[in-house]
Amino acid sequence: MIGNSQNVTDNPINQEIQSLKRELKRTKSALVEANRKITSLESRVPEIEQQLTLSIDTLNKISIETQEGVIRNFEVQAQNERAVNLALDGFQKKFEEQNKTMEGVKATLEEQWNQQLIIYVALLALASLGVILGIRFSTQKSLEKYQSTWDNFNEFIIKRNN
């Protein structure tokens, strides 16, 4: 009887059942662990949602501040550009005024130069005329004196010979 009886554990169906029971036990254990993790994660969902909301609010706030900063920078840049344009316009007007002043000064200097040139030419002509008249007067005086001396010499010679 002992030889004919089969062991319950040797039966392939029983082995399969035992294998399935072990698999079921592992699956139940894994399911319990998964449920525990899901519960843990579900408990963290509101905290994560709150952090995300805060992060989104912070990003929105930063975005708005950045936009406002950019707008302020554009406004400042526009003001600076207007100021530079006004300054350039002022410089242009001053430059044009200086050009007009320089043209007036140049015209005045040319007029003064022409007047001085005319005066110098007139003085040179007068000086030349004075020198010529002086030479002529001096020559005439010298000729008269020479003539007088010659006449006196001739008279002396004539008196002596007589």
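Our structure's up above, just so we're on the same page.
Now for a look at the structure at hand.

### Some remarks on the pattern of salt bridges
So, point 1. Evaluation of the coordinates by the stated rule reveals two salt bridges.
So, point 2. Salt-bridge contacts for Glu23 lead to Arg26; the nearest nitrogen and oxygen are separated by 2.9 Å. Separated by three residues within a single helix, Glu23 and Arg26 lie in helix H1 (residues 12–161), roughly one turn from each other.
So, point 3. When its relative accessible area of 52% is taken as the criterion, Arg26 is described as exposed.
So, point 4. Glu33 is the salt-bridge partner of Arg36, the closest N and O atoms lying 2.1 Å from each other. Of this pair, Arg36 and Glu33 both sit in helix H1, three residues apart, which is roughly one turn of the helix.

### A short note on the packing of aromatic side chains
Each aromatic ring pair is specified by the distance between its two centres and by the angle formed by the two planes.
So, point 1. Scanning the model with the defined rule gives two aromatic pairs in all.
So, point 2. Geometrically, the ring pair formed by Tyr146 and Trp150 is stacked, given 6.5 Å between the ring centres and 20° between the ring planes. On the criterion of helical spacing, the pair formed by Tyr146 and Trp150 is a turn pair, its members being four residues apart in helix H1.
So, point 3. Since its relative accessible area comes to 51%, Tyr146 is described here as exposed.
So, point 4. On the basis of an interplanar angle of 35° and a centroid distance of 5.8 Å, the ring pair of Trp150 and Phe153 is categorised as tilted. Here the residue Trp150 and the residue Phe153 both occupy positions in helix H1, the gap between them amounting to three residues, near one helical turn.
So, point 5. For Trp150, a relative accessible area of 41% translates into the label partly exposed.
So, point 6. With a relative accessible area of 41%, Phe153 lands in the partly exposed category.

Scoring rules and cut-offs
Residues numbered from 1 in each chain as written. Predicted model: local features only at pLDDT ≥ 70, side-chain atom pairs only at ≥ 80, totals over all residues. Heavy atoms only, no water. Salt bridge = Lys/Arg side-chain N within 4 Å of Asp/Glu carboxyl O. Helix = DSSP H or I, 4+ residues; strand = E, 2+ residues; numbered from the N terminus. Buried < 20%, exposed > 50% of the residue type's maximum accessible area, 1.4 Å probe, protein only. Phe/Tyr/Trp six-rings, centres within 6.5 Å; stacked < 30°, edge-to-face > 60°.

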